Amino acid sequence: MRFLRQHRGLVPYLLLAPGILWLLLFYVAPGIVMLGSSFWEGSLERGYAFSLENYTNYTNALSRFQPHFVRSIEYAGIATLLTLLIAYPLAYGIAFRGGRFKNLLLFMVIAPFFTSFLLRTISWQIILGDQGIVLGPIKEAGLLDNNFAIISTPFAVIAGITYNFLPFMTLPIYVSLEKIDIRLIEAAQDLYASRSNAFRRITLPLSLPGVFAGSLLTFIPAMGDFVNAELLGNPQTTMIGNVIQNQFLTQNNYPTASAISFLLMAGILIAVAVYARLLGTEELTSGGV
Amino acid sequence: MATATVTARRGPSVIARIGRFLDRYLLLIYTGLAVLYLMLPVIVIAVFSFNDPAGRTNFTWQAFTLDSWLEPFKIAGLGDSVFVSLVLALGSTLVATALGTLIAIGLARYQFRGRAATNFFIFLPMATPEIVLGASLLTLYVSIGSPPFFPLGFVTLLIAHIMFNISYVVVTVRARLAGFPIHLEEAAMDLGATPWTTFWKVTFPLILPGVTAAALLAFSLSIDDFVITYFTGGTTTQTFPMFIYAKNRIGIPPEVNVIGTAIFVVAVGLVALSVLVQRRRLGR
Amino acid sequence: MSDQEPLQQPIPRRQFLAGASLAGFAAFLAACGTQGTQSQPPTAGPPATSGPPATTGPTAAPTPPPSPSAELNFANWTFYLDPDPEDETKFTTLEDFRAEFGTQVNYQEVIDDNDSFMGTIQPQLQAGQDTGWDIIVVTDWMAARIIRLGWAEQMDLGNMPNVTANLQDAYKGVSWDSTDDHHVPWQSGMTGLGFDRESTGDLTSVRELFDLKYRGQIDYLTEMRDTIGLTMLHLGADPAAATRADCDAAIAEITRVQNEGMNANFRGNAYARDLTRGDVVLSMAWSGDMVAALPDNPNLGFAVPSEGGMLWTDNCIIPKGAQNKYTAELMIDYVYRPEVAARIAAYVNYITPVKGAAEILIASDPEMANNPLIFPPEDVLARLHIFVGLSEDDEAYFDEQFATVLGL
């Protein structure tokens with residue numbers, strides 16, 4: 001104890017040490033190993049050889065899987081936009097009109113996530129199935145052609161991603177909206193601002209940090225998602241996550257798989273770094289707002 | 001004789017009335033619809049847990065039965081996978097909460113060199129797609145020579161779960177630590193308490209809600225995790241999500257719906273309980 | 001329904017003690033005496049032990065018969081073993097096995113896909129360690145690869161009399177297992193057309209799979225050999241002699257039909273679920289699944305196309321480094337008892353490779369035994385093809401080409 005008192009400066013480092021060590025060992029080290037393996041050449045059976053000349057793993061992966069990268073950005077981007085469009089009014093409603101029920105409503109937004117994420121996505125398969133609860137009766141009524149399908153389309157994949165990440169967008173926006181001092185809005189209205197003007201000039205800008213946080217928390221995982229594409233999509237909707245899964249676990253093609261993963265991670269890290277610069281790193285762990 | 005154009009002021013027009021109605025209730029209606037949308041799959045899961053499918057696929061309503069609820073663990077492997085999931089979640093929650101809370105305290109209370117970098121560093125795992133987290137761990141496990149230090153199984157899973165949980169714990173606890181009344185600690189120490197006593201008698205009880213919230217978050221993240229488990233679990237250890245994934249190829253039996261619904265009900269119940277307890281304590 | 005092995009006569013206690021002490025004494029002498037390679041006394045011991053008597057030659061040191069281990073780790077596909085009708089968490093075959101040999105079988109239905117399962121054990125096999133499994137069941141081409149890479153244990157057929165006696169001749173002498181003792185067939189199946197009669201009528205030709213009138217309502221298989229095999233049959237080629245050119249042609253055909261709007265999905269086992277739910281009305285299908293799905297959708301039908309279908313076999317393999325090799329051999333041999341094989345076949349609805357199972361099935365359930373899916377008639381068998389065994393390079397080529405139609 002006296003040691004600690006004498007070396008006050010060490011205390012934060014000691015507090016941080018175990019957790020940081022764990023992350024170093026099991027987040028950073030694997031990343032480094034994966035970086036290394038992305039420069040391998042060979043196969044599991046023949047063995048691997050490391051060589052910096054194997055940067056071609058990256059260029060080959062980029063050219064071969066470029067459609068998948070683009071598609072992932074597309075789907076994740078559209079899904080993030082959709083999520084934003086759905087979540088913003090929802091968060092607004094809870095923050096400004098929730099009243100006594102704020103916490104309850106918030107809870108009901110999160111509650112579905114106590115069921116398994118897989119089960120929920122599979123549940124959408126059943127709901128949107130060709131002869132399922134929704135389409136079955138409509139088709140039987142003759143309103144739709146029998147060939148019409150929602151499952152196995154890009155629409156279904158995007159819908160799935162949107163659904164799965166809705167709370168991730170709603171919560172940060174809610175937090176930032178809730179922090180807004182309502183007197184600011186009242187003041188604006190006292191100064192003859194219309195409701196929409198007040199929203200546009202006061203509420204919206206103040207909620208932007210939440211929007212940014214929510215967007216990142218949605219876009220980033222969505223980029224790497226493969227479950228929605230696998231369960232709700234078809235071979236033309238495969239995302240880069242499906243490729244990574246296939247390369248790692250089925251093809252056992254570690255060099256290519258690592259290269260692709262790293263390309264994905266690098267791109268995202270750049271985005272996060274830009275975001276961190278824009279907002280300052282303090283914001284990141286103090287609640288994301 | 002011109003028709004009088006000056007009419008007595010009637011009440012607001014229909015359009016205005018609709019406008020005002022919408023204005024007052026639109027958001028609430030929308031919120032209700034949105035919550036319904038969020039709950040829809042859960043409702044379907046719960047309803048189909050009472051289904052009695054003729055064959056293996058549980059997708060159209062056939063008959064009502066309580067059989068699945070009465071004996072949910074009849075399906076081979078289901079009980080084991082739930083058990084593994086629970087143990088895994090418990091273990092990773094305990095360790096991650098401990099490690100994460102320490103980091104959160106360090107970050108929140110102290111100024112030190114590398115603080116900004118640490119902030120950024122803690123955020124990184126949350127910003128990394130799960131697939132990259134799982135894949136890189138897999139690469140690590142596979143690269144360690146023979147005999148492997150990490151044969152894929154429960155241990156590799158536990159390590160992975162702890163790893164991704166730490167960041168979430170830090171963020172959650174830190175959010176609660178903002179505005180922490182440090183003067184209380186100083187007062188305690190002025191009154192002669194050692195730092196150790198101060199921590200356990202003053203600090204810890206105050207941060208307990210935050211730590212509990214973080215633990216709950218870590219637990220639910222771990223129980224539901226699929227992607228990272230898929231990559232680092234190997235084939236001999238099956239968690240509940242892995243079990244579902246495997247069963248989905250043929251058809252999810254209603255017993256799985258039962259477990260899913262049960263987890264939901266238990267979780268909701270626990271939260272409701274904690275809210276009630278808090279309300280009581282605060283005397284509301 | 002289990003036979004009693006000759007060695008399992010219950011032995012009265014006094015005799016047992018006498019015998020054991022004599023045996024122990026003999027073992028002690030043996031251990032003191034010579035090379036000391038034996039650690040277990042050969043014994044005519046407790047009823048739970050079984051196995052062939054120790055083989056001794058005039059010059060060889062006596063080999064003690066091993067005893068079954070306490071645990072066995074068995075990985076298999078889903079719905080490949082018969083659950084106990086009284087308790088779905090247990091499997092009759094495994095319960096009976098435990099009653100006879102005392103082994104608790106850790107049976108896990110974790111294999112959904114040859115490739116993905118292999119992907120999980122390959123690193124250990126490569127590093128020469130125990131994969132954690134004593135028995136795995138993989139399709140013939142994967143078995144061929146495992147054996148080619150030296151990752152399969154050579155089984156001691158002396159421990160497996162039922163296999164030797166009851167394996168049907170059609171399965172013997174495969175090119176990829178020259179000594180026929182690195183694998184033992186588990187079940188065979190056919191790949192053909194699976195369809196919903198109500199929507200499509202009875203289909204008989206493989207041409208239907210490429211007919212755009214099923215656009216948006218059709219599944220192909222993720223198993224490369226099945227999909228390319230059937231496509232080759234459609235193009236008039238023979239899958240048993242597939243070349244890279246054939247592969248290119250098949251891929252081109254699939255790509256063409258996809259580009260024209262077929263919008264086919266590629267599935268593993270899940271195609272049966274799609275058919276049942278009505279998401280598709282036609283699919284490349286595996287024979288057993290269609291029978292199993294009938295309770296869900298009584299309109300489902302299966303047909304081996306007139307141009308031909310694929311025949312494949314799933315095989316038991318003991319991975320290298322398995323800890324309970326002897327017990328694994330016992331397990332595999334156990335399911336080759338005709339009455340056990342019959343019971344399994346009745347549940348899984350695939351073609352059993354065990355002689356004598358048919359007769360037992362007929363006796364217990366006449367309907368089942370005349371089912372052309374479980375016991376296909378000669379003319380059907382004649383037009384089934386087994387996909388050629390590919391070399392490593394060819395396999396990589398085929399897989400890579402096929403990955404493009406999978407969207408990966």
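Residues numbered from 1 in each chain as written. Chains lettered and ligands numbered in written order. Predicted model: local features only at pLDDT ≥ 70, side-chain atom pairs only at ≥ 80, totals over all residues.

A. Structural context of the overall build of chain C. Scanning chain C from N- to C-terminus turns up 16 helices and twelve strands. Expressed as a percentage of its 408 residues, the buried residues of chain C come to 48%. Pairs at least 24 apart in sequence give 74% of the contacts found in chain C among residues at least 6 apart. (Helix = DSSP H or I, 4+ residues; strand = E, 2+ residues; numbered from the N terminus. Buried ≥ 20, exposed ≤ 12 C-beta atoms within 10 Å, placed from the backbone. Contact = placed C-beta atoms within 7 Å.)

B. Representation of the interface of chain A and chain B within the structure. Counting residues at the interface gives 74 residues for chain A and 71 residues for chain B. When contributions to the side of chain A that touches chain B are tallied by element, the ones reaching two or more residues are α2 (10–37), α4 (66–97), α5 (102–110), α6 (117–127), α10 (195–224), α12 (240–250), α13 (254–279) and α14 (282–285) of chain A. Element by element, the count of residues in the side of chain A that touches chain B is highest for α2(A), at 18 residues.

C. Quick look at the confidence of the model for chain B. Averaged over chain B, the pLDDT score is 81; the fraction of residues at 70 or greater is 89%. Ranking the elements of chain B by mean pLDDT puts helix α2 (residues 67–70) of chain B last, at 79, and helix α3 (residues 78–109) of chain B first, at 90. (pLDDT = per-residue confidence, 0-100.)

D. Spotlight on the packing of helix α9 (residues 182–190) of chain A against α10(A). Residues and elements named next belong to chain A. Running from N to C, α9 and α10 cross one another at 145°; their axes reach a closest spacing of 10 Å. Taken as a pair, α9 and α10 cross one another with a handedness that is right-handed. Between α9, through Leu 184, Ile 185, Ala 188 and Gln 189, and α10, the contact on the second element is made entirely by Ala 198, Arg 201, Ile 202 and Thr 203. (Axes fitted to C-alpha atoms, helices over the stretch in contact; angles between N-to-C directions. Left-handed = near helix turned anticlockwise from the far one by under 90°.)

E. View of the pairing of strand β4 (residues 104–111) of chain C. Residue and element names in this part refer to chain C. Taken across its eight residues, β4 has six buried, putting it largely inside the fold. Examined bridge by bridge, strand β1 (residues 71–77) and β4 share six bridges and lie parallel to one another. Within β4, the position partnered with Asn 73 by the bridge is Asn 106. (Pairing = 2+ DSSP bridges.)

F. Focus on the nonpolar core. The biggest cluster of nonpolar side chains holds 265 residues, and the ones touching the most others in it are A:Ala91, B:Ile103, C:Met331 and C:Ile332. If we ignore the near neighbours within four places in the chain, the residues touching A:Ala91 are A:Thr170, A:Ile173, A:Tyr174 and A:Leu177. (Core = buried A, V, L, I, M, F, W, Y, C linked by C-beta atoms within 7 Å.)

G. Fine view of the domain arrangement of chain B. Under the domain assignment, chain B is made up of domain 1 (16–54 + 61–67) and domain 2 (78–237). The straight-line distance from the C-alpha centre of domain 1 of chain B to that of domain 2 of chain B is 35 Å. (Domains from an automatic or database assignment.)

H. Region of interest: the environment of A:Met34. Structurally, A:Met34 can be placed in helix α2. The spacing of A:Met34 and A:Ser258 is 224 residues in sequence and 5.6 Å in space, taken between C-alpha atoms.

I. Geometry of the environment of B:Thr118. With respect to the element layout, B:Thr118 can be found in helix α4 (residues 115–127). Here B:Thr118 falls in the buried class, since 22 other C-beta atoms lie within 10 Å of it. Placed eleven residues apart in sequence, B:Thr118 and B:Pro129 show a C-alpha to C-alpha distance of 20 Å. When residues no more than four places from it in sequence are discounted, the contact partners of B:Thr118 are A:Leu16 and B:Leu107.

J. Seen up close, unusual backbone geometry. Residues and elements named next belong to chain C. Positive phi values are uncommon outside glycine, yet Asp 180 reaches one of about 55°. Following the sequence through the fold, Asp 180 ends up in the loop between α5 (161–166) and β6 (184–196). Judged by the 16 C-beta atoms lying within 10 Å of it, Asp 180 falls in the partly exposed class. At Asn 263, a position not held by glycine, the phi torsion is positive, near 55°. Of note, Asn 263 is situated in the loop between α8 (244–262) and β8 (265–267). Residue Asn 263 is classed as buried on the basis of its C-beta count, with 20 C-beta atoms lying within 10 Å.

K. Spotlight on the pairing of strand β5 (residues 135–139) of chain C. All names here are of chain C. Buried residues dominate β5, accounting for five of its five residues. Alternating positions in β5 separate into two faces, Ile 135, Val 137 and Thr 139 on one and Ile 136 and Val 138 on the other, with burial throughout. Relative to β5, β1 is paired through two bridges, and the arrangement is parallel. The residue bridging Ala 75 from the neighbouring strand is Ile 136, located in β5. Pairing between β5 and strand β11 (residues 309–317): four bridges, direction antiparallel. Bridge pairing links Val 137 to Cys 316 in β11.

L. The confidence of the model for chain C, seen in detail. Residues and elements named next belong to chain C. Within chain C, residue pLDDT values average 79, and 83% of them lie at 70 or more. Highest mean pLDDT in chain C belongs to β5 (94); lowest belongs to helix α1 (residues 13–33) (35). Counted against residues more than four places away or in other chains, residues 1–57, with its pLDDT under 50, gives 50 contacts. Among the scores for the predicted complex, ipTM is 0.81 and pTM is 0.80.

M. Focus on the domain arrangement of chain C. All names here are of chain C. Here the domain parsing of chain C yields domain 1 (71–188 + 312–375) and domain 2 (190–311 + 384–406). Of the residues lining the interface, 14 residues belong to domain 1; the matching set on domain 2 comes to 15 residues. Looking at the side of domain 1 that touches domain 2, its residues break down into eight nonpolar, four polar and two charged. (Nonpolar A, V, L, I, M, F, W, Y, C, P; charged D, E, K, R; others polar.)

N. Layout of helix α8 (residues 195–224) of chain B. In a regular helix each residue adds 1.5 Å, so 30 residues correspond to 44 Å; α8(B) covers only 38 Å between its end C-alpha atoms and thus falls short of that length. At B:Phe204, α8(B) is bent by approximately 50°, the largest bend along its length, and proline B:Pro205 sits one to four residues beyond. (Expected span 1.5 Å × (residues − 1). Bend = angle between axes of the 7 residues up to and from the residue.)

O. Layout of helix α3 (residues 114–127) of chain C. The terminal C-alpha atoms of α3(C), which comprises 14 residues, lie 20 Å apart, in line with the 20 Å expected from a rise of 1.5 Å per residue. Taking burial as the measure, the 14 residues of α3(C) include eleven buried ones, the bulk of the element. On its buried face, α3(C) is in contact with α12 of chain A, α5 (130–143) of chain B together with β4, β5 and α4 (140–148) of chain C. C:Gly128 lies just past α3(C) and shows a positive phi near 80°.

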